[in-house]
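These are the residues of each chain, in order.
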Amino acid sequence: MSTLNSRLRGLAATLALVAFVVGVPAVLLAIDAVPDLTAFSWSQLTAPDDGTLVVEVLAAVCWIAWAVFTCQLVASILSRASGIRTPRLPGLSMPQVAADRLIAAAALLFVAVPSATAFLPQPKAQAALMATPLPADPRVTVEPAAAPTPAPTVAQQKEPKVERYTVKRGDSLWRIAEDRLGDGARYVELVELNKAVLDGRPDFLLPGTILRVPVAETAPAGTYVVQPGDTLSEIAEDELGDAEEYPSIFDASRGTLQADGARLTDPALILPGWKLTIPGQEPPAEARGPKHEKPQEEVPDSTSPPTETAPSEPANEPNAETDEAGRSADDRVIPSWLVPGLAGAGSILGGALWIALRAQRRTQLRHRRPGTVIPPPPAELISAEKTARATASVTAPRIDALDAALRALPPVLPLAKVALGEDEIFLTLQEAADLPAPWRGSDSEWRIAVADVPDRPEDSFPPFPLLVSVGQAADGSFLFLNLEELRTVTVTGNADRKAAFARHLAAELAVNPWSIVATVDLLGLGSDLASFNLGRVRTHPAGDTDFIAELARNLASITKPSDPDDFHAVIIATANRPTADLDQLAEVIAGIPGRSSAALVDLAGEPRSSSTDLQLTTDGRLQAPSLGVDVAAAGLSGEEARACALLLDLTLDETVVPVPEQDQGTAVSDLGGALVERLTRPRPEGPAGAESLLPLDAVVYTDAAATTVEDVEVLAPRAAPEARAAVEAVDPGLDEDLARWESPTLSSAKVTLLGPVSARTTGDTKATAHRRPFYVELLAYLALHPNGVSGADVAVAFAIRPERVRVDMSQLRRWLGTDPGTGEPYLPKAEPGRDPGSPALYKLERVQCDVDLFRRLRARGQSRGADGIDDLIAALRLVSGEPFSDLRKDHWNWLLEGDRWDHIMTSAVVDVGHIVTTHALATGDRDLALWAAQVAYTASPYDEVAQLDMIQAEKATGDSEQADQDLTDRVFNRRDDELPPIDLPDRTAQVAHDKNWGGHGPRPRRTG
């Protein structure tokens, strides 16, 4: 909604408010409709009515209705001013809601809250700000509040703590207040806190503006922070399970001094922000975090690494980003797709595998052409991908922190082992050394907090390429051994466990970010890891043992300490080997002066006098008494190893595929919103005419934009004559739905997926208290399965027991509320499927989703031809960031199954942004071009289509210096991993050649 529309709506609401409050009694008085109490005497009531009594009754009803609604208006005004939500009265909820909405709308006259600021072209300087892939600086940081200002009241009001919020495209004060404070009407608090920043223009927010936002206060364990609208009985019901227990909360909280200096003296009067003590939930001596957060663990003063004792599975403890607090552990089940070798003790391998997959998929995006998507892996590899993603959500940040911490250390450090915990990194050295701050410790034991790890040095050489995880300790930390420092290692134990352990070592050394310069030679395990990750693992069949003697000769030439470039790990897993050559290799490695740059791991021989002995026990433990090691051993089966290798191999493929079509044969668009082939016609030679989104000759667009003739033909074919009618016939309510979405007042349930995932509902917010991320994910799952899902489907997707599904659906139904347009719940009860005997299906009704609106707008825009550009612009306004971001850890794994909505919609946003950018550059609308390019680039910063559009838009707006810098850093010299830049993809090379970027002259091209 534009600023003008917001003010007009506010004016209309204000006039309606005045007309009702003043006009209704004026009219009633003018027509002498004043009730005469004598008309209701007993004699009048028992006498025959001549119509007088009816008139008197009607007059009384009118005055009573006016009085009730006027009181509701006054209460709503006071509620908005004080921040206290008015309690809902039985039988009066409808006039209360109407009054609240009328007051909120009237307020727009004084402070407009546009939801379409993203549509406004921004100053050129913003382009440089947006042209950075995945900004490192956090969006929100907490700062202490200013000193409290004395208020002329009995009790001084403290100014609340505030945090910084960086305005994003599409933000409005109303939306920010709704998302951050839980109530859009609290935007007035933002205006008050940011007078200097807003400069009298609260209706005009520029992306990048830093706002001060009150911090949502959380309660320590055993306490509860009062929310607007709360009552003691409701709190007692939620916290203690019985509303009649509210006196116990009152008694336990009477002595608490509140932040405003007041105390609880009346059980009927509690104010938002007050902290109540919940009896039976004993807080510790020190304040704890909220009940849904994981408590901070005590860090021992000793610098020793965590003790490795009895085996234990890592605890699934709740934290602020998950929502498992209060949910019984019995509700969770082990997912059927979990790959054991990539989880538990092997979680570091799972995280490192995902990091490698992520880097290679970013490179795949360089080869994506408009109208295509990266193909998903085959079904038999989905389990490995899901497991890697799930473990990486927890371990990948730790792996990155460990990599950065190690690269800041001197390479000559005699590192023996590392313990990687959730919050700290522990090092054990072979010899005493001194490490600089922020490392803490002494002699051979050192540690650093993960939060204190410095940024990773650019283009640094990894100091410990043969560092590899071997298992998990009882406290959940992961143990790493530096094979280079140990030099020769002998592993004893069960043959199958030794083989699994060897596969794990080889696979992890192939994907660890610090092992890029390491090569692994593996003898005796077949071809499970053949050509693993660009050949970093070389498997040798039985009899192929010449490499042992050759490596021994090469290493024997090292006669003095040096800084090696190449590192080698030899893993021998068979007794069928040349013993003499192997003994010679072990002797050479043990005798290399300085850094050995090599390690030998022997799983089939007897322990050597110079080797470190590792023992694999029958219960799956890895023990090394000489190193003080006793952990649950990591291991990888042959089938798991093959799946990992295939996944990595597939992400090296440059092949892309068309966007999948919808299952329904009558669908008018594919899953990305583009019209299906039967509703399009090929572009002719020369101009395409008004039937195409890009009506001019394709050459006009290739001259103006970073596009090709093939791109124009794919994205902007001519719409078939029947296309417009076909699209409008199946989607007549698009404009109404879009207006509801853009309305500053929340009139329907909404789920946002084209950016950081979130949801806004009209129901009972307490139904999902402290578990909101879970229910947002459940809501998104239902929204992306519009044909319905069964309880069994939900149980599998969320790894919960089937019995739990009905409970969660009930809570979700309460949170969503009821559709005011139909009076029906947004989530009806499960209904039987079409086929006899089919399970009952849960299906959302009229819940709005930006993914759905985006696809519908794109389809309608394309069906309208050149007149449809406005629909595409409206679709881009729905995008608020990188689609499907800010997901809760270790969840959303169902997103990797079936239609890959994350890939499809990210590509769709880039393609729509490319069409709008191309159109705008060809018609001279440079501001629109820059804005559309920014939206697409923000949604997918690694997609080369979006990157080239940004560069061309920057050049068109006169920022050639920034464009040339981006071209050099993010195209020609772009690296997604530790390796040198790849050759330019064909499309990029064609665009760069046509534009004479990088000194290339234009080449001949075919016309449209």
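All values derive from a computational prediction rather than experimental measurement.

J.: Got a sec to walk through the overall build of the protein chain? Specific residues and values, please.
T.: When helices and strands are tallied, the protein chain shows 31 helices and 29 strands. Evaluated residue by residue, the protein chain yields a buried proportion of 51% over its 1008 residues. Considering only contacts within the protein chain whose residues lie at least 6 apart along the sequence, 71% involve residues at least 24 apart. Just so you have it, the protein chain exposes about 44800 Å², and 54% of that area is on carbon and sulfur atoms.

J.: Can you lay out the sheet that holds strand β28 (residues 840-842) for me, pointing to particular residues and giving the numbers?
T.: If you trace the 3 strands from one edge of the open sheet to the other, you get β26-β28-β27, paired in antiparallel fashion. Looking at which strands have only one partner, the edges of the open sheet turn out to be β26 (789-790) and β27 (831-832). Relative to β28, β27 runs antiparallel, the two being bridged by 2 bridges. When the bridges of β28 are listed, P832 appears paired with A840.

J.: Any details on the UniProt feature "transmembrane region" (unreviewed entry) in the protein chain? Residues and values, ideally.
T.: According to UniProt, the "transmembrane region" (unreviewed entry) feature falls on residues 54-78 and 99-120. The span residues 54-78 carries 100% helix and 0% strand; its end-to-end C-alpha distance comes to 36 Å.

J.: Residues and numbers for the sheet that holds strand β25 (residues 758-760), please.
T.: One open sheet holds the 3 strands; their spatial order is β25-β24-β29, and the pairing between them is mixed. The open sheet has two edge strands with one neighbour each: β25 and β29 (848-849). Here strand β24 (residues 750-752) pairs with β29 via 2 bridges, running parallel. Of the residues in β29, the one forming a bridge with K750 is Q848.

J.: I'd like a description of the side chain of R858, backed by residues and values.
T.: Checked against the element boundaries, R858 lands in helix α25 (residues 850-863). Buried R858, no salt bridge; nearest opposite-charge side chain is D911, N-O distance 4.5 Å. Discounting residues that sit within four places of it in the chain, R858 has contacts with G672, G673, A674, L715, L872, A908, D911 and V912.

J.: So what's going on with the nonpolar core? Residues and values would help.
T.: Of all hydrophobic cores here, the largest spans 85 residues; its most connected members are I425 and F532. When sequence neighbours within four positions are dropped, the list of residues in contact with I425 reads A401, L402, A405, V418, A419, L420, W439, W446, R447, I448, V450 and V453. Counting 80 residues, the second-largest nonpolar core is a separate cluster that includes V659, L671, L876 and A932.

J.: Outline the packing of aromatic side chains, supporting the account with residue identities and numerical values.
T.: Summed over all chains, the structure comprises 9 aromatic pairs. Arranged with centres 5.9 Å apart and planes meeting at 80°, the rings of W63 and W66 form a pair that is edge-to-face. Taken together, the residues span about one helical turn, with W63 and W66 both in helix α3 (residues 52-82) at a distance of 3 residues. Geometrically, the ring pair formed by Y781 and W894 is edge-to-face, given 5.0 Å between the ring centres and 80° between the ring planes. Of this pair, Y781 sits in helix α22 (residues 772-783) while W894 sits in the loop between α26 (869-877) and α27 (901-923), placing them 113 residues apart in sequence. Overall, the relative accessible area of 6% leaves Y781 in the buried class. Judged by its relative accessible area of 4%, W894 falls in the buried class. Aromatic ring contacts, followed pair by pair, group F774, Y775, Y781, F798, W892 and W894 into a single cluster. One cation-aromatic arrangement involves K750 over W741; the distance from NZ or CZ to the ring centre is 5.7 Å.

J.: Before we move on, could you go through the packing of helix α11 (residues 347-367) against helix α14 (residues 495-511) and cite the residues and values that matter?
T.: Running from amino to carboxyl end, α11 crosses α14 at an angle of 35°, the nearest separation of the two axes being 9 Å. Here α11 and α14 pass one another in a crossing that is left-handed. For the pair formed by α11 and α14, the contact residues are I348, L349, A352, L353 and A356 on the first element and H504, A507, E508 and V511 on the second. Across the contact of α11 with α14, the residue classes tally to 7 nonpolar, 1 polar and 1 charged.

J.: Could you give an account of the pairing of strand β11 (residues 467-472), naming the residues involved and the relevant values?
T.: For β11, the tally of buried residues reaches 6 of 6 residues, placing the bulk of the element in the interior. Relative to strand β12 (residues 478-482), β11 runs antiparallel, the two sharing 5 bridges. Its bridge partner lying in β12, Q472 is registered against F478. For β11 and strand β20 (residues 629-633), the ladder comprises 2 bridges, and the chain directions are antiparallel. Across the sheet, residue G471 finds its bridge partner in β20, namely A633.

J.: How would you sum up the environment of R772? Please name residues and give values.
T.: Inspection of the secondary structure assignment puts R772 in helix α22. Its relative accessible area of 31% is what places R772 among the partly exposed residues. Counting along the chain gives 43 residues from R772 to W815, while the straight-line C-alpha distance between them is 9.7 Å. When near neighbours in sequence (up to four residues on either side) are disregarded, R772 contacts T765 and W815. Within polar-contact distance, the side chain of R772 engages the side chain of T768 at 2.7 Å.

J.: Give me the side chain of R900: which residues, what numbers.
T.: Structurally, R900 can be placed in the loop between α26 and α27. With a relative accessible area of 5%, R900 lands in the buried category. R900 has contacts with P376, P377, E385 and L895, leaving out every residue within four places of it along the chain.

J.: Describe the packing of helix α23 (residues 791-798) against helix α24 (residues 802-816), naming the residues involved and giving the relevant values.
T.: Interhelical geometry of α23 versus α24 gives an angle of 100° and a closest axis separation of 9 Å. Taken together, α23 and α24 sit at an angle that is classed as roughly perpendicular. In contact with G791, V794 and A795 of α23, α24 contributes P802, V805 and M809. Split by residue class, the contact of α23 with α24 holds 5 nonpolar, 1 polar and no charged.

J.: Tell me about a nonpolar patch on the surface, and name the residues and values.
T.: Together, L8, L11 and L15 make up a nonpolar patch on the protein surface, roughly 270 Å² of accessible area in all. Mapped onto the fold, L15 is located in helix α1 (residues 3-30). Residue L15 is classed as exposed on the basis of its relative accessible area, which comes to 53%.

J.: So what's going on with the pattern of salt bridges? Residues and values would help.
T.: This structure, assessed with the given rule, holds 39 salt bridges. One salt bridge in this structure joins D630 and R621, with 3.2 Å as the shortest N-O distance. For D737, the salt bridge goes to R856, with nearest N and O atoms at 2.9 Å. Taken together, the positions of D737 in helix α21 (residues 734-742) and R856 in helix α25 put the pair 119 residues apart, joining distant regions of the chain. Given the relative accessible area of 16%, D737 is considered buried. Residues joined by salt bridges that share partners form a network here, namely R724, E728, D735, R860, R864 and D871.

J.: Explain unusual backbone geometry residue by residue, including any values.
T.: The step from A437 to P438 runs through a cis peptide bond, and the omega angle for that step is 10°. The backbone of W892 sits at a positive phi, close to 65°, despite the residue not being glycine. Relative to the assigned elements, W892 resides in the loop between α26 and α27. Judged by its relative accessible area of 1%, W892 falls in the buried class.

Cut-off values and rules
- Residues numbered from 1 in each chain as written.
- Predicted model: local features only at pLDDT ≥ 70, side-chain atom pairs only at ≥ 80, totals over all residues.
- Heavy atoms only, no water.
- Helix = DSSP H or I, 4+ residues; strand = E, 2+ residues; numbered from the N terminus.
- Buried < 20%, exposed > 50% of the residue type's maximum accessible area, 1.4 Å probe, protein only.
- Contact = heavy atoms within 4.5 Å.
- Areas by Shrake-Rupley, 256 points an atom, 1.4 Å probe, with all protein chains shown as cover.
- Pairing = 2+ DSSP bridges.
- UniProt positions renumbered as here; feature names shortened; annotations may be inferred.
- Lys, Arg positive; Asp, Glu negative; His and termini not counted.
- Salt bridge = Lys/Arg side-chain N within 4 Å of Asp/Glu carboxyl O.
- Core = buried A, V, L, I, M, F, W, Y, C linked by side-chain atoms within 4.5 Å.
- Phe/Tyr/Trp six-rings, centres within 6.5 Å; stacked < 30°, edge-to-face > 60°.
- Lys NZ or Arg CZ within 6 Å of the ring centre and 35° of its normal.
- Axes fitted to C-alpha atoms, helices over the stretch in contact; angles between N-to-C directions.
- Left-handed = near helix turned anticlockwise from the far one by under 90°.
- Nonpolar A, V, L, I, M, F, W, Y, C, P; charged D, E, K, R; others polar.
- Polar contact = N/O pair within 3.5 Å; in protein donor to acceptor, adjacent residues only side chain to side chain.
- Parallel < 35°, antiparallel > 145°, perpendicular 65-115°, else oblique.
- Patch = residues over 30% accessible without salt bridge, like charges linked within 9 Å, V, L, I, M, F, W, Y side chains within 5 Å.

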